[in-house]
Amino acid sequence: MKKIIYVLLILTVSISLTSCSIGKEKSFKSDDFALGTIISQEIFGENAQQVSDEAIAKLKYLEDLMTINAPGGDINKLNENAGKGYVELNPETISVLKSARKISDLSAGAAFDITVAPVVKAWGIGTDNPQIPSKETLDKLVPLINYRDVQIDEINNKASLAKTGQMIDLGGIAKGYAGDILREIYQKNGIKSGLINLGGNVIALGSKPDGGAWSIGIQNPRSETGEIVGIIQVSDKAVVTSGDYQRYFEKDGKRYCHIIDPHTGYPAESGLMSVTIITSSSTDADGLAKAFVLGLDKGMELVKKYIQLYGQAEAIFITTDKKIYVTPGLQGNFQLEDESHEYTYIKER
Ligand code: AMP
Ligand code: MG
């Protein structure tokens, strides 16, 4: 098997794997558990170990703030007060809500919408009891989905949910935000080079210590063992994937994935298995990866719209018929490395 950049280790305790020197540059590798996933850091610099500890402490803080089930956390507070007016939140939560709004606006809520939470809860995907909700349940909950009902008072760091019963879930953007915050921590501490993986959200910090680009593997969405289908070379970018293989359940031979179509309340079935976004902003990449809901053509259009409004972004779409499509800017970069020999790289569309 080819070397895969993201090796997921099942660990529940923080361990430092290695601390060594490559050439002049000291490196530090660690795996920790935070934000419900394995966080792998490989960072380079004299103070790498201390900085990686600071990074994990920050992730745990963000987890308490933004996880839907964290009692006393901001999201919990906001959800409990739905329909009752504004609540004061941490400026960092406000910042994520604003980013979420920006990404939702791109598709007018057709792809990314954090108010899918009541429906996410009804499906229970990723819990011990996933289930297909009844039509009555969905008829009641789907009308509660509307990102425009997340009202933000930026000056006073307050937000509200307009209607009783509404809830938000930052599961589709919080890891992305955490990636951007980690990058700030590294930069503040003079770390210029590193590769960080937050459970599938990769941050390529700068270039490799030898000056070359980082090689990032794109996962085969149907490999049980984490094989890849291709490789891209990136420097100073976030590489974020949303796919139907990350969390799902099967019933009567049908796969129900954890990404919900905000219009139907059903797990998205758009002919895609994964969408990978490559941008400077890890937060935006995480939100934009929900282009998954829209399918290949409309999803590509969404990425185009993002580029027009906010600057460079690239994407990789993998369809259920095992075809791989990339944005024009990635064509000279993406390399098919498919050990399964089942995927076709479609260069021309
Ligand atoms: P990700 O892991 O980044 O692919 O995001 C999936 C998670 O985001 C799910 O587990 C839900 O918590 C949440 N989610 C599901 N569907 C959507 C959606 N359409 N928009 C925003 N968040 C979603
Ligand atoms: Mg994500």
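Residues numbered from 1 in each chain as written. Chains lettered and ligands numbered in written order. Predicted model: local features only at pLDDT ≥ 70, side-chain atom pairs only at ≥ 80, totals over all residues. Heavy atoms only, no water.

Draft legend 1. Region of interest: the overall build of the protein chain. Scanning the protein chain from terminus to terminus reveals 8 helices and 18 strands. The principal-axis extent of the C-alpha atoms belonging to the protein chain is close to 60 × 45 × 40 Å. When contacts within the protein chain are restricted to residue pairs at least 6 apart in sequence, those whose partners lie at least 24 apart make up 61%. Total accessible area computed for the protein chain in this model is approximately 15,700 Å², and 49% of it derives from carbon and sulfur atoms. (Helix = DSSP H or I, 4+ residues; strand = E, 2+ residues; numbered from the N terminus. Contact = heavy atoms within 4.5 Å. Areas by Shrake-Rupley, 256 points an atom, 1.4 Å probe, with all protein chains shown as cover.)

Draft legend 2. Examining the sheet that holds strand 10 (residues 228–234) more closely. Spatial strand order, 9-10-17: 3 strands in an open sheet with antiparallel pairing. Looking at strand neighbours, the two that pair on one side only are strand 9 (214–219) and strand 17 (335–336), the edges of this open sheet. Here 2 bridges tie strand 10 to strand 17, and the two strands are oriented antiparallel to one another. Across the sheet, residue Gly 230 finds its bridge partner in strand 17, namely Leu 336. (Pairing = 2+ DSSP bridges.)

Draft legend 3. Representation of the side chain of Ser 99 in the model. Mapped onto the elements of the fold, Ser 99 is located in helix 3 (residues 91–106). Taking the relative accessible area as the measure of exposure, Ser 99 reaches 17% and is therefore buried. (Buried < 20%, exposed > 50% of the residue type's maximum accessible area, 1.4 Å probe, protein only.)

Draft legend 4. Inspection of the side chain of Gln 41 at higher detail. Its place among the elements puts Gln 41 in strand 3 (residues 37–44). Its relative accessible area of 2% is what places Gln 41 among the buried residues. Within the structure, Gln 41 has its side chain in polar contact with the backbone oxygen of Ser 52 (distance 3.3 Å). A polar contact of 2.6 Å, which involves the side chain of Gln 41, links it to the side chain of Tyr 186. With residues near it in sequence (within four places) discarded, Gln 41 still touches Phe 28, Lys 29, Ser 30, Asp 32, Ser 52, Ala 55, Ile 56, Tyr 186, Leu 195 and Ile 196. (Polar contact = N/O pair within 3.5 Å; in protein donor to acceptor, adjacent residues only side chain to side chain.)

Draft legend 5. Up close: helix 3. The terminal C-alpha atoms of helix 3 lie 23 Å apart, and with 16 residues this matches the ideal 22 Å at 1.5 Å per residue to within 8%. Residues of helix 3 that are buried include every one of Glu 92, Thr 93, Ile 94, Val 96, Leu 97, Ser 99, Ala 100, Ile 103, Ser 104 and Leu 106, and no others. At the N-terminal end of helix 3, a side-chain oxygen is found 2.9 Å from the backbone nitrogen of Glu 92, two or three residues along, and the residue is Asn 90. Immediately downstream of helix 3, the backbone of Ala 108 shows phi near 50°, a positive value. (Expected span 1.5 Å × (residues − 1).)

Draft legend 6. Up close: the confidence of the model for the protein chain. This prediction gives the protein chain a mean pLDDT of 92; 93% of its residues lie at or above 70. Within the model, pLDDT remains below 50 along residues 1–16, and this stretch shows 34 contacts once partners closer than five positions in the same chain are excluded. (pLDDT = per-residue confidence, 0-100.)

Draft legend 7. Molecular detail of the site of ligand 1. Contacts to ligand 1 come from 16 residues, most closely from Ala 111, Asp 169, Ser 242, Ile 260 and Lys 290. Contact between ligand 1 and Asp 113: a nitrogen atom at 3.0 Å from a main-chain N or O atom of the residue. Separating an oxygen atom of ligand 1 from a side-chain N or O atom of Asp 169 is a distance of 2.6 Å. Protein contact buries 96% of the 500 Å² of open area that ligand 1 shows by itself. (Near = heavy atom within 4 Å.)

Draft legend 8. How the structure looks around the pairing of strand 16 (residues 323–326). Pairing between strand 15 (residues 314–319) and strand 16: 3 bridges, direction antiparallel. Paired with Ile 318 across the strands is Ile 324, a residue of strand 16. In this structure, strand 16 lies alongside strand 18 (residues 344–345), joined through 2 bridges in parallel fashion. Across the sheet, the residue bridging to Lys 323 is Thr 344, located in strand 18.

Draft legend 9. Representation of the pairing of strand 13 (residues 254–257). Pairing between strand 12 (residues 248–251) and strand 13: 4 bridges, direction antiparallel. Looking at the pairing, Lys 251 lines up with Lys 254 of strand 13.

Draft legend 10. Highlighting the packing of helix 1 (residues 48–66) against helix 3. Remark: helix 1 packs on helix 3, axes separated minimally by 10 Å, with the N-to-C direction vectors making an angle of 70°. With respect to each other, helix 1 and helix 3 are oriented roughly perpendicular. Mapping the contact onto sequence places Lys 58, Tyr 61, Leu 62, Leu 65 and Met 66 in helix 1 and Glu 92, Thr 93 and Val 96 in helix 3. Here the contact of helix 1 with helix 3 is composed, by residue class, of 5 nonpolar, 1 polar and 2 charged. (Axes fitted to C-alpha atoms, helices over the stretch in contact; angles between N-to-C directions. Parallel < 35°, antiparallel > 145°, perpendicular 65-115°, else oblique. Nonpolar A, V, L, I, M, F, W, Y, C, P; charged D, E, K, R; others polar.)

Draft legend 11. A look at the nonpolar core. Leu 59, Leu 97, Ile 168, Leu 170, Tyr 186, Leu 198 and Phe 317 are the most contacted members of the largest nonpolar core, which has 69 residues in total. Looking at this core element by element, the count peaks at 8 residues for helix 1. Dropping the residues within four chain positions of it, Leu 170 is found in contact with Met 66, Ile 75, Val 96, Leu 97 and Ile 114. The next biggest cluster of nonpolar side chains, apart from the first, holds 21 residues, and it includes Ile 232, Ile 278, Leu 330 and Tyr 345. (Core = buried A, V, L, I, M, F, W, Y, C linked by side-chain atoms within 4.5 Å.)

Draft legend 12. Inspection of the sheet that holds strand 5 (residues 150–153) at higher detail. Reading across the sheet, the 3 strands line up as 4-6-5 and stay open at both edges, with antiparallel pairing between neighbours. Of all the strands in the sheet, just strand 4 (87–88) and strand 5 have a single pairing partner and so form its edges. Across 4 bridges, the pairing between strand 5 and strand 6 (residues 158–161) is antiparallel. Bridging from a neighbouring strand, Asp 153 pairs with Lys 158 of strand 6.

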